[in-house]
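Descriptive analysis of the structure
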Amino acid sequence: MKNIFYILILFTTTLAQTGKLSGYIVDQSGNPLVGANVMISELSIGSATDVDGAFEIDNINYGKYVLEVSFVGYQKQNVNIDFNESYQPIRITLIEEAIQTGQIIVSAGKYEQSVEDLTVSTTVVPPDVIDDRNFTNLGDVLRYVSGFSMADEQPSIRGSAGYSLGAGSRVLVAIDGVPMYTGDTGEIVWEFIPLTDVEQIEVIKGPASSLYGSTAIGGVVNIITKKAPKKSIVHFSSHGGFYDNPSVDLWEWSKTTRTFYGYSLTHSNSLGNFGYSISYRRTNNDGHRENDHNKRHLFYTKLSYDFNDNTSVTFIGNYLAMNRGQFNFWKDSRNVLRPPDADRDQIVVSDRYFGTLLFKHKFSDKFSIQVKPGVYSSDFEGRGVEITESNALLLRNEIITNYSPHKDWTFIAGTEQTYANVSSNVFSSPKFFTGSGYLHTEFRGIPKLTTTLGARYDYIKIDSVDAANAITPKLGLNYKLLDDVILRGSIGTGFRAPTPAEVFTTVSIGGVDIKKNTDLTYETSLSFEIGAIYKPLPNLYFDAAFFQTEYNNFVEPNFINDEDGLAIKFINLPKARIQGAELVSDYKIIPGLLDFNIGYTYLWSQDLETKKSLKYRPRHRVYASLNYTPYPFEFGVYYRYWSRIEEIDETIVQPPIELIVDGDLRVEVYVWDLSAGYNFNLFDTPLKISANVYNLLNYNYVEFLGNLQPLRNFSFRLDAYF
């Protein structure tokens, strides 16, 4: 009986030794940080902060712990806690990252790495850039990343691509590592990517075929999505704006003000081990040009369930419905905002579905596995003089294993398969299959030196075209020369197969035929990069790089004149070279208050047979921004510069074809933008209002030929968190 009494006393005492560990996470200005991660590593449990910056971790035994607190763009902190019956909620202030180093990314090696250990150039875009600038699609965000450029809607990293008529891409875009390209054209639909659930955007500059395969020969953009918060968060956002009149009166084509608007609603929460985020986004844009309007509905959901600390499954699903006008190029220089008469009233109606499962299991601290099956379905119909249509279904699966037998060794091995089935009156109806396997390792056994070595094998078969296969090895080195100097270098090969659209497209644009080319073969590349990070001050850093890529059988659209007459056809350039240099600097003039960022990219691209520059690639690019954030206010000034494009398709713009009348009109690009924001609370609800002016000087420029980019426009936005 006495023993039972002691057991009851001990049991009661044990119960009394647990409690709720809570606190607040704020920035240097005292503003709550929403979504900051708080972990007790020795217990493998944690939480995320809510709209007030508050966190709670229940049923914690009294004791001494170390809290790991992290948030994108801020220095990670380890805080010692003496958790007992007299504990009071703590307040932790995170310090904004003075430099980009210290950030963790997952794209460069398909596992978590510090930016300080990378062997390739990388840019990380935080989510507040999207909110502050009122961007409505990812393509507009990336236009302000150094080394990144767009020709109309087609991306290029360090000149890897020019303008490819919407067929094919040399930049792979992925969500949580799962690619999002269509099965027919291989294009990227920027509006399909949800901006409401972005944790950070990672841009890997340079070939990444050895890990990501054919479509990553120019680089990778990986969107990391947010984890579900522990408490309910509802985010409502609404924006609206209008375009200014053209700077040339002759160009006015509409007597009504061209407007745009949109709204989104996102709800995120966790119910035990189940976390979810669901959002809906609606946008409507009249367009600044005739027949350039669009209406879009985007649904997004992310569902996750943690079976235990070692096993979890996540589902990500998107649906995009879009109805838009088709503006390919202007009528002539007197009607730059009107399409040619034959293109008027052309519209495109499309539906897209994307879904993927992410299954993770950790067998031990040394070995883990990820399985990523997915599907991408695209369906579009172009309505004009001719009806063009395409239905493409792309299935994909990837298995990734991570093995770390020793603290100095990490092995990444995986296999990936894709299958596409296309039904179209534009691209024929080809089938497409790829299979691949890869193995990479990182070795840190030599002081200050990190070495990566890996290779990937790809097999690709496109319908009636001969199959192709290649092995793409890559070697990278990172050496911490001094406390404030980090050197890096890499050399590797790339491999890219043409897309079904590049091989089989048969359509007419403005009276000129695009013809299929079943002799088109895959391209290969050999590239290297050397770079350095220099941190002379805690709040100042420089990142410099020199890069070069040699291509064989480089795939480019070109005009040919054969027995059937003049037409556009994708061909292989025997030899091409792209080389250049890049310098990026970030200076926190007053940390947490005043920040200046600038990037310059020099690019020299050549068709080695003709000794001419590759088309649609400006030689000089500059991006700069200045942000002043005296809470509760935020102000920003942004600048973009491109030098004049040197080489274009002259045949398109010259008689007798003259597909694009006055299409040779192109200039240097100077674009200034402004932004301002104000944060406040109303009835305990955090709110933010912001305003933006794009193209402040109403500067007239093109990214492709005969395609005037947006006029000066004004937008306003309201964000509310409940």
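Every chain begins its residue count from 1, and numbering advances along the sequence as written. With pLDDT at 70 or above as the cut-off, local features in this predicted model cover only qualifying residues; side-chain atom pairs require 80 or more to be listed or tallied, and sums for whole chains, interfaces and linings still use all residues. Excluded from the side-chain calculations are hydrogens and water; all other atoms, namely the structure's heavy atoms, are used.

**Re the overall build of the protein**
- The helix and strand labels rest on DSSP assignments: H or I over at least four residues marks a helix, E over at least two residues marks a strand, and numbering proceeds from the N terminus. Of regular secondary structure, the protein possesses 6 helices and 40 strands.
- For a compact globule of 722 residues, the expected C-alpha radius of gyration is about 27 Å, and the protein comes in at 27 Å, within 12% of that figure.
- If you line up the protein on its principal axes, its C-alpha atoms span 105 × 55 × 50 Å.
- Here's how the labels work: a residue is buried when its accessible area is under 20% of the maximum for its type, exposed when over 50%, partly exposed in between, all with a 1.4 Å probe on protein chains only. By residue count, 54% of the 722 residues in the protein fall in the buried class.
- Restricting to contacts in the protein with at least 6 residues of sequence separation, those with at least 24 account for 62%.
- Lys and Arg are tallied as positive, Asp and Glu as negative. Neither His nor the chain termini are counted. Where a charge sits is defined by one atom per residue type, namely NZ (Lys), CZ (Arg), CG (Asp) or CD (Glu). Computed over 64 positive and 83 negative side-chain charges, the separation of the two mean positions in the protein equals 2 Å. Throughout, radius of gyration means the C-alpha value; the globule benchmark is 2.2 Å times the number of residues raised to the power 0.38. Contacts are residue-level and defined by heavy atoms, with any inter-residue pair within 4.5 Å sufficient.

**Section: the pattern of salt bridges**
- The term salt bridge refers to a side-chain nitrogen of Lys or Arg lying within 4 Å of a carboxyl oxygen of Asp or Glu. Inspection of the entire model under this criterion finds 37 salt bridges.
- Across the pair lysine 110 and glutamate 398 runs a salt bridge whose closest N-O atoms are separated by 2.5 Å. Taken together, the positions of lysine 110 in the loop between β8 (104-105) and β9 (113-114) and glutamate 398 in strand β24 (residues 387-406) put the pair 288 residues apart, joining distant regions of the chain.
- In this structure glutamate 398 comes out as buried when scored by relative accessible area, which is 1%.
- In this structure, glutamate 582 engages arginine 158 in a salt bridge whose closest nitrogen and oxygen atoms are separated by 3.3 Å. Taken as a pair, glutamate 582 in strand β34 (residues 565-590) and arginine 158 in the loop between β12 (154-157) and β13 (171-175) lie far apart in primary sequence, 424 residues in all. Like arginine 158, glutamate 582 is buried.
- What you see here is one network of salt bridges that share partners, running through Lys110, Arg396, Glu398, Glu416, Arg456 and Asp458.

**Examining the sheet that holds strand β2 (residues 37-40)**
- If you trace the 4 strands from one edge of the open sheet to the other, you get β3-β2-β5-β6, paired in antiparallel fashion. Of all the strands in the sheet, just β3 (45-48) and β6 (77-83) have a single pairing partner and so form its edges. Strand-to-strand, the axes of this sheet are offset by a mean angle of 25°, without reference to chain direction.
- In terms of strand pairing, strand β5 (residues 63-70) meets β6 through 7 bridges, oriented antiparallel. Note on β6: the bridge partner recorded for lysine 64 is aspartate 82. Strands are treated as partners if at least two bridges between them are detected by DSSP. Only the stretch in contact is used when fitting a helix axis, every axis being a line fitted to C-alpha atoms; angles between N-to-C directions are given from 0 to 180 degrees.

**A closer look at the pairing of strand β38 (residues 669-682)**
- Note that strand β37 (residues 633-642) and β38 share 10 bridges and pair antiparallel. Residue pairing across strands places tyrosine 641 opposite tyrosine 670, the latter belonging to β38.
- Note that β38 and strand β39 (residues 685-694) share 9 bridges and pair antiparallel. Across the sheet, phenylalanine 680 pairs through a bridge with leucine 687, a residue of β39.
- Count of turn residues in the β38/β39 antiparallel hairpin: 2 residues, of which phenylalanine 683 carries a positive phi of about 50°.

**Some points on a nonpolar patch on the surface**
- The grouping of Tyr587, Ile589, Ile590, Phe596, Ile598, Leu626, Val637, Trp672, Leu674 and Leu697 at the surface amounts to a nonpolar patch, some 770 Å² of accessible area in total.
- Of all the secondary-structure elements, those providing two or more residues to the nonpolar patch are β34, β35 (594-607) and β38.
- Here the element with the most residues in the nonpolar patch is β34; it accounts for 3 residues.
- Mapped onto the elements, tyrosine 587 comes out in strand β34.
- For tyrosine 587, a relative accessible area of 31% corresponds to the partly exposed category. Like-charged residues within 9 Å of one another, or nonpolar side chains (Val, Leu, Ile, Met, Phe, Trp, Tyr) within 5 Å, are grouped into patches, provided each residue has over 30% relative accessible area and no salt bridge. Using a 1.4 Å probe, accessible areas were evaluated by the Shrake-Rupley method; residue-level cover was limited to the displayed protein chains.

**Digging into the sheet that holds strand β14 (residues 178-179)**
- One open sheet accounts for 5 strands, arranged β10-β15-β16-β13-β14; its pairing is mixed. Two strands bound the open sheet, and with one partner strand each, they are β10 (122-125) and β14.
- Examined bridge by bridge, β13 and β14 share 2 bridges and lie antiparallel to one another. Bridged to isoleucine 175 within β14 is valine 178.

**Digging into the environment of proline 498**
- Structurally, proline 498 can be placed in the loop between β29 (485-496) and α5 (500-504).
- For the pair proline 498 and phenylalanine 570, spaced 72 residues apart in sequence, the C-alpha separation works out to 9.3 Å.
- Residues contacting proline 498, with those up to four places away along its chain left out, are Phe432, Ile462, Val503, Leu520, Thr521 and Tyr522.

**So, unusual backbone geometry**
- Following tyrosine 631, the chain continues into proline 632 via a peptide bond in cis, with omega recorded as 10°.
- Looking at where proline 632 falls in the secondary structure, it is placed in the loop between β36 (620-628) and β37.
- Phi at asparagine 695 is positive, roughly 55°, even though this residue is not glycine.
- Along the chain, asparagine 695 falls in the loop between β39 and β40 (713-721).

**Topic: the nonpolar core**
- Among the buried residues, those of types Ala, Val, Leu, Ile, Met, Phe, Trp, Tyr and Cys that are joined through side-chain atoms within 4.5 Å form a nonpolar core. By size, the foremost hydrophobic cluster in this structure holds 68 residues, and its most contacted members are Leu138, Leu142, Phe148, Trp190, Ile201 and Val221.
- The element best represented in this core is β13, accounting for 5 residues.
- Beyond its immediate stretch of four places on either side in the chain, tryptophan 190 contacts Asn137, Leu138, Gly139, Leu142, Phe148, Met150, Glu153, Pro155 and Val173.
- Listed in part, the 24 residues of the second largest apolar core include Val336, Val653, Ile660 and Val702.

**Re the side chain of aspartate 176**
- For aspartate 176, the position within the fold is in the loop between β13 and β14.
- Side chain to side chain, aspartate 176 and threonine 225 meet in a polar contact 2.6 Å long. In protein, a polar contact means a hydrogen-donor-capable atom and an acceptor-capable atom, both N or O and within 3.5 Å, with residues adjacent in sequence counting only if both atoms are side-chain atoms; elsewhere, any N or O pair within 3.5 Å suffices.

**Remarks on the packing of aromatic side chains**
- The aromatic pairing rule takes the rings of Phe, Tyr and Trp, using the six-membered ring of Trp, and pairs them if the centres are within 6.5 Å, calling planes under 30 degrees apart stacked, those over 60 edge-to-face and the rest tilted. Counting across every chain of the model gives 33 aromatic pairs.
- Consider the rings of phenylalanine 633 and phenylalanine 635, whose centres lie 6.2 Å apart with planes at 15°: the pair is stacked.
- Assessed through its relative accessible area of 39%, phenylalanine 633 is described here as partly exposed.
- Ring pairing ties together the aromatic residues Phe363, Phe367, Tyr403, Trp409, Phe411 and Phe443, which thus form one cluster.
- Over the ring of tyrosine 638 we find arginine 133; its NZ or CZ atom is 3.7 Å from the centre of that ring.
- We note arginine 289 situated over the ring of phenylalanine 327; from NZ or CZ to the ring centre the distance is 4.4 Å. Charge over a ring is defined by NZ of Lys or CZ of Arg lying within 6 Å of the ring centre and within 35 degrees of the ring normal.

**Some thoughts on the side chain of threonine 49**
- Within the secondary structure, threonine 49 sits in the loop between β3 and β4 (54-61).
- Of the residues examined, threonine 49 reaches a relative accessible area of 0% and is grouped as buried.
- Only 2.6 Å separates the side chain of threonine 49 from the backbone oxygen of leucine 33, close enough to count as a polar contact.
- Not counting chain neighbours up to four residues away, the residues in contact with threonine 49 comprise Ile25, Leu33, Val34, Gly35, Ala36, Ala54, Phe55 and Ile233.

**Details of the environment of aspartate 519**
- Inspection of the secondary structure puts aspartate 519 in the loop between β31 (512-515) and β32 (523-537).
- Here aspartate 519 falls in the exposed class, since its relative accessible area comes to 67%.
- Between the C-alpha atom of aspartate 519 and that of asparagine 335, which follows or precedes it by 184 residues, the distance is 39 Å.

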